[in-house]
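# Structural characterization, general
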Amino acid sequence: MPKTIKKIGVLTSGGDSPGMNAAIRSVVRTCAYHQVECIGIYRGYQGMIEGDFKEMGPRSVNNIVNKGGTILKSARSKEFMTAEEERKPSSISNLQM
């Protein structure tokens, strides 16, 4: 039996750039179309580490294409600027939903 995707997480990390909200909107609306749960991860990798998640649907991305920046915010995580072996193993435990 083939595996199917049940849930997708979307995040924006680093600096803002044009089109990020359009990309987020596209991911969320495609997930809704295919009946896949979409989770927004706020503040990039820092939000992933801290568990700053929100379920997103078509209504949560209405009228965001014209807005600058990203509705999910972006941040540079100091923890991800260190060597991989220095990272805490618990930093990805939030992803096991």
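What comes next is a walk through the structure. Note that the coordinates shown come from a computational prediction; the quantities given were computed from them, not determined experimentally.

### A closer look at the sheet that holds strand E2 (residues 37-41)
Pairing is mixed across the open sheet formed by 3 strands, whose spatial order is E1-E2-E3. With one partner strand each, in any of the chains shown, strand E1 (7-11) and strand E3 (53-56) form the two edges of the open sheet. Pairwise comparison of adjacent strand axes, ignoring direction, gives a mean angle of 30 degrees for this sheet. In terms of strand pairing, E2 meets E3 through 4 bridges, oriented antiparallel. Across the sheet, Ile39 pairs through a bridge with Glu55, a residue of E3.

### Focus: the side chain of Thr12
Topologically, Thr12 is positioned in the loop between E1 and helix H1 (20-33). Classification of Thr12 by relative accessible area gives buried; the value is 7%. At a separation of 2.8 Å, a polar atom in the side chain of Thr12 contacts the main-chain carbonyl oxygen of Lys73. The residues touching Thr12, leaving out its near neighbours within four places in the chain, are Met20, Ile24, Arg43, Gly44, Thr70, Leu72, Lys73 and Ser74.

### Some remarks on H1
Between its first and last C-alpha atoms H1 spans 20 Å; for 14 residues at 1.5 Å apiece the expected length is 20 Å, and the two agree. For H1, the complete set of buried residues consists of Met20, Asn21, Ile24, Val28 and Cys31. The arc enclosing the buried residues of H1, seen along the axis, measures out at 100 degrees, which places them on a common side. If you follow the buried residues of H1, they end up packed against E1, E2 and E3.

### A look at the environment of Glu37
Within the secondary structure, Glu37 is located in strand E2. Relative accessible area serves as the criterion here: at 29%, Glu37 is assigned to the partly exposed category. Spatially, the C-alpha atom of Glu37 lies 8.5 Å from that of Gly9, the residues being 28 residues apart in sequence. The residues contacting Glu37, other than those within four sequence positions of it, are Lys6, Lys7, Ile8 and Glu55.

What counts, and where the lines are drawn
Residues numbered from 1 in each chain as written. Predicted model: local features only at pLDDT ≥ 70, side-chain atom pairs only at ≥ 80, totals over all residues. Heavy atoms only, no water. Pairing = 2+ DSSP bridges. Helix = DSSP H or I, 4+ residues; strand = E, 2+ residues; numbered from the N terminus. Axes fitted to C-alpha atoms, helices over the stretch in contact; angles between N-to-C directions. Buried < 20%, exposed > 50% of the residue type's maximum accessible area, 1.4 Å probe, protein only. Polar contact = N/O pair within 3.5 Å; in protein donor to acceptor, adjacent residues only side chain to side chain. Contact = heavy atoms within 4.5 Å. Expected span 1.5 Å × (residues − 1). Arc of directions from axis to C-beta.

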